[in-house]
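Coordinate inspection notes
Chain by chain, the residues:
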Amino acid sequence: MTAGIAVDIGLAALVAAMALWTILVRDAYAAVIGFIGYGLLLALVWVRLDAVDVALTEAAIGGGVTGVLLLRAVGALHRGAAPLEDGPPPGPATRRIAALACAAVAAGLAFVVLGVSGPAPTLAPLAAEHLPATGLKNPVTGVLLAFRALDTLLEKVVLLLALIGIWSLSPDGAWGGRPTLGRPGRASDTLRFLAQLLPPVGIVVGIHVLWVGANAPGGAFQGGAVLAAMWILAMMAGLSPVPAIGRPWLRAALVIGPLAFLAVGVAGIFIADGFLAYPPAFAKPLILAIEAAITLSIAVTLAMMVAGPPQRPGAP
Amino acid sequence: MTMTVFGLCGAALVGIGLYGLIVQAQPLRRILAFNLLGGGVFLLFGVIARRGAVEGLGSDPVPQAMVITGIVVAFSATALAISLVVRLKETGRGDDEGSA
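No experiment lies behind these values; they were computed from the predicted model shown.

Moving on to the overall build of chain B. Within chain B, the secondary structure is distributed over three helices and zero strands. Along chain B, from the amino end to the carboxyl end, the secondary structure elements read α-α-α. Projected onto the principal axes, the alpha-carbon positions of chain B cover approximately 60 × 25 × 15 Å. Across the 100 residues that make up chain B, the buried fraction comes to 60%. Looking at chain B alone, contacts between residues at least 24 apart form 55% of all its contacts between residues at least 6 apart. If you sum the accessible surface of chain B, you get close to 3,700 Å²; carbon and sulfur atoms cover 64% of it. Here chain B contributes 7 positively and 6 negatively charged side chains, and the mean placements of these two sets differ by 3 Å.

And the structure:
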């Protein structure tokens, strides 16, 4: 137990140090690297908090996909001319006041979270009680796809809206065209080698994470993020072309997840108790079918978000 | 004890992220700070979920599911914000703001 506490304290100190580094370091590139390290360490913290599902999501999305996105952004923003700034950096007096105020906020939060005594509010007994009705064994997947399915459905819509927002930033003339990912035809041999080596393994891992998500930590988000990473890798290495955003198959892949979810939800009004309710006999097959469709949409959406707005007119 | 350590860590992360959000002048650095802040909030949530553990479940699954949703939504917001900043730089309008 003592060893466990030592690990916890070391981990918490490392996470906080990485966060400080990300804020204080002068170079933006170093800050991004610090942030990626922070994301991966945070995933370990989630394991220590018995939340392996969250740990997988944090590692795949917080550390992995966000990392690629930020590294590309730092390349685009800090190349050549002076980086974009909103006015001069604040002076030492402002910094000191801000530091004091933020320390007060942190202290207040620590007090609120740790100072309370008595039993914590929890929905765990309710979730555990109703989990058998869904046929699932992973309570987190049960919450995501059955008990709080509306949250998950709306989140899919948020993903799509964000992608539409990103696409709407394309220059005139490039609408419907191809985003640029990596430097076409100039990928290094190492990148090309990795892009050939990893995807066969990564695709199997992604689908496995989706499949075991019903009964063990894993699920659609985590599996989708792994699949997205594999596709991004292949596109960056130039082994797989970046699709034009006007392609019908791409649009179909983006919306199939939310549409399948919505269709099952509406069907629930007629064959079960209401919107987004499942008939008990078919709950698990329906949930797995929705998860499969969502995984595909998440993978494609995340990859296209990283690719950014289209830059070149696509072939008609 | 685990919860105390990570509770303090989460609170510290919120403070650090908030500080970065205030003092950073570059938009990309502010986006990073915003994500640090978000990570801290999620961690506090995780500590509360851990306190809600019952027999057979190591942690309350409802906050966990919300954090998973939150991580994905934070990623979409980050991706959109980065695209906006990159476009701002491409069009060169960000530079005029201070002098206009």
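Here we take up the overall build of chain A. Scanning chain A from terminus to terminus reveals eleven helices and zero strands. Ordered by position from N to C terminus, the α and β elements of chain A give α-α-α-α-α-α-α-α-α-α-α. Considering only C-alpha atoms, chain A reaches an extent of 65 × 60 × 35 Å along its principal axes. Buried positions account for 48% of the 316 residues belonging to chain A. The contacts in chain A between residues at least 6 apart in sequence include a share of 75% that link residues at least 24 apart. Taken together, the 17 basic and 14 acidic charged side chains of chain A have centroids lying 12 Å from each other.

What follows concerns the UniProt feature "transmembrane region" (unreviewed entry) in chain A. If you check UniProt for "transmembrane region" (unreviewed entry), the listed places come out as residues 6-24, 29-47, 59-77, 97-116, 191-214, 220-240, 252-271 and 286-307 of chain A in our numbering. Secondary structure across residues 191-214 of chain A comprises 92% helix and 0% strand; the distance between its end C-alpha atoms is 34 Å.

Before going further, it helps to examine the layout of surface pockets. One number sums up the size of the largest pocket: a volume of about 1,200 Å³. Lining the largest pocket are 47 residues, and of these Val68(A), Leu71(A), Arg72(A), Gly182(A) and Met236(A) sit closest to its centre. For the lining of the largest pocket, the element with the highest residue contribution is helix 3 (residues 52-77) of chain A, accounting for 13 residues. Its residues assigned to classes, the lining of the largest pocket shows 31 nonpolar, nine polar and seven charged. When we break the lining of the largest pocket down by domain, the ones giving at least three residues each are domain 1 (7-77) and domain 2 (134-316) of chain A. If you go around the second largest pocket, the residues you meet are Ile23(A), Leu24(A), Val25(A), Arg26(A), Glu85(A), Pro89(A), Arg95(A), Val23(B), Gln24(B), Ala25(B), Gln26(B) and Arg29(B).

The next subject is the state of the cysteines. Within the structure shown, the criterion is met by zero disulfides over all chains. Looking at the unpaired Cys102(A), the closest cysteine sulfur is the one in Cys9(B), lying at 16 Å. Since its relative accessible area comes to 3%, Cys102(A) is described here as buried. Accessibility expressed as a relative area gives 3% for Cys9(B), which makes it buried.

Our focus in this paragraph is the interface of chain A and chain B. Facing 91 residues of chain A, the contacting portion of chain B comprises 73 residues. Across the interface of chain A and chain B, roughly 7,300 Å² is buried in total on both sides, 78% from carbon and sulfur atoms. Ranking the residues of chain A by area buried against chain B places Ile23(A), Leu49(A) and Leu84(A) at the top, with a combined share of 11%. Between the two partners, chain A and chain B, sit one salt bridge. Between Arg50(B) and Asp50(A) there is a salt bridge, with the nearest N and O atoms lying 3.3 Å from each other. Tallying contributions element by element places helix 3 of chain A first for the side of chain A that touches chain B, with 13 residues. Considered class by class, the residues forming the side of chain A that touches chain B number 69 nonpolar, ten polar and twelve charged.

Residue and element names in this part refer to chain B. Under the present numbering, the feature "transmembrane region" (unreviewed entry) in UniProt falls on residues 6-25, 32-53 and 65-86. As a span, residues 6-25 carries 90% helix and 0% strand, and end to end its C-alpha atoms are 30 Å apart. Secondary structure within residues 65-86 divides into 100% helix and 0% strand; the distance between the first and last C-alpha atoms comes to 32 Å.

Among the nonpolar cores identified, the biggest contains 111 residues, and Trp46(A), Phe261(A), Tyr278(A) and Phe6(B) are the most heavily contacted of them. Counting residues per element, this core draws most heavily on helix 11 (residues 283-307) of chain A, at 14 residues. Split by domain, the residues of this core number at least three in each of domain 1 (7-77) and domain 2 (134-316) of chain A. Ignoring sequence-local partners within four residues, the contact set of Phe261(A) consists of Leu145(A), Ala149(A), Thr152(A), Leu153(A), Leu276(A), Tyr278(A), Ile290(A) and Ile294(A).

Reading predicted coordinates in detail is not appropriate for stretches of low pLDDT. Summary statistics for chain B give a mean pLDDT of 86 and a share of 90% for residues scoring 70 or more. The low-confidence segment residues 96-100 of chain B (pLDDT under 50) makes one contact with residues lying over four places distant or belonging to another chain.

In this section: the domain arrangement of chain A. All names here are of chain A. Domain annotation for chain A reports domain 1 (7-77) and domain 2 (134-316). Placing a centre on the C-alpha atoms of domain 1 and another on those of domain 2 gives a separation of 23 Å. Opposite the ten residues of domain 1 that make contact, domain 2 presents 17 residues. In total, domain 1 and domain 2 occlude about 1,100 Å² of area from one another, counting both sides; carbon and sulfur atoms represent 71% of this. Three residues stand out in domain 1 for area buried against domain 2, namely Asp-53, Val-65 and Arg-72, and they jointly supply 52% of the buried area on that side. Connecting domain 1 to domain 2 are seven residue pairs in polar contact (both at pLDDT 80 or more). Its residues assigned to classes, the side of domain 1 that touches domain 2 shows seven nonpolar, one polar and two charged.

Attention now moves to the side chain of Thr57(A). Following the sequence through the fold, Thr57(A) ends up in helix 3. Ignoring anything within four residues of it in the chain, the contact list for Thr57(A) reads Gly62(A), Gln222(A), Ile68(B), Ile71(B) and Val72(B).

Rules of the game
All residue numbers refer to positions counted from 1 along the written sequence of the respective chain. Think of it this way: whatever chain is written first is A, whatever ligand is written first is 1, and the rest follow in order. Thresholds applied to this predicted model are a pLDDT of at least 70 for local features of residues and 80 or more for the giving and counting of side-chain atom pairs; totals over whole chains, interfaces and linings are not thresholded and use all residues. Hydrogens and water are ignored here; the side-chain numbers use all heavy atoms of the structure. Strands here mean DSSP runs of E at least two residues long; helices mean DSSP runs of H or I at least four residues long; both are numbered from the N terminus. Only protein chains enter the accessibility calculation, which uses a 1.4 Å probe. A residue is then buried if its area is under 20% of the maximum for its type, exposed if over 50%, and partly exposed in between. We call two residues in contact whenever any of their non-hydrogen atoms come within 4.5 Å of each other. Areas reported here follow the Shrake-Rupley algorithm with a probe of radius 1.4 Å; residue values treat only the protein chains shown as occluding. Asp and Glu are treated as the negative residues and Lys and Arg as the positive ones, with His and the ends of the chain left uncounted. Charge positions are represented by NZ for Lys, CZ for Arg, CG for Asp and CD for Glu. UniProt positions are given in the numbering used here, feature names are shortened, and annotations may be inferred rather than shown by experiment. The rule is simple: put a 1 Å grid over the protein atoms alone, call a set of points where a 1.4 Å probe fits but cannot get out a cavity, call an open set with protein on both sides within 12 Å along at least five of seven lines a pocket, and count a residue as lining if it has an atom within 4 Å of a point. Grid points are joined across faces, edges and corners, and a volume is the space filled by probe spheres set on the points. By the convention adopted, Pro, Cys, Tyr, Trp, Phe, Met, Ile, Leu, Val and Ala count as nonpolar, Lys, Arg, Asp and Glu as charged, and the other residues, Gly among them, as polar. Source of the domain bounds: an automatic or database domain assignment. For this text, the term disulfide refers to a pair of cysteine sulfurs within 2.5 Å. Note: buried area is the sum, over both parts, of the accessible area (probe 1.4 Å) each one loses when the two are combined. Here, a salt bridge means any Lys or Arg side-chain nitrogen found within 4 Å of an Asp or Glu carboxyl oxygen. By nonpolar core is meant a set of buried Ala, Val, Leu, Ile, Met, Phe, Trp, Tyr and Cys residues that side-chain atoms within 4.5 Å join together. Here pLDDT means the predictor's own confidence in every residue, given as a number from 0 to 100. Think of a polar contact as two N or O atoms within 3.5 Å of one another; within protein, one of them needs to be a possible hydrogen donor and the other a possible acceptor, and neighboring residues in sequence only count if both atoms come from side chains.

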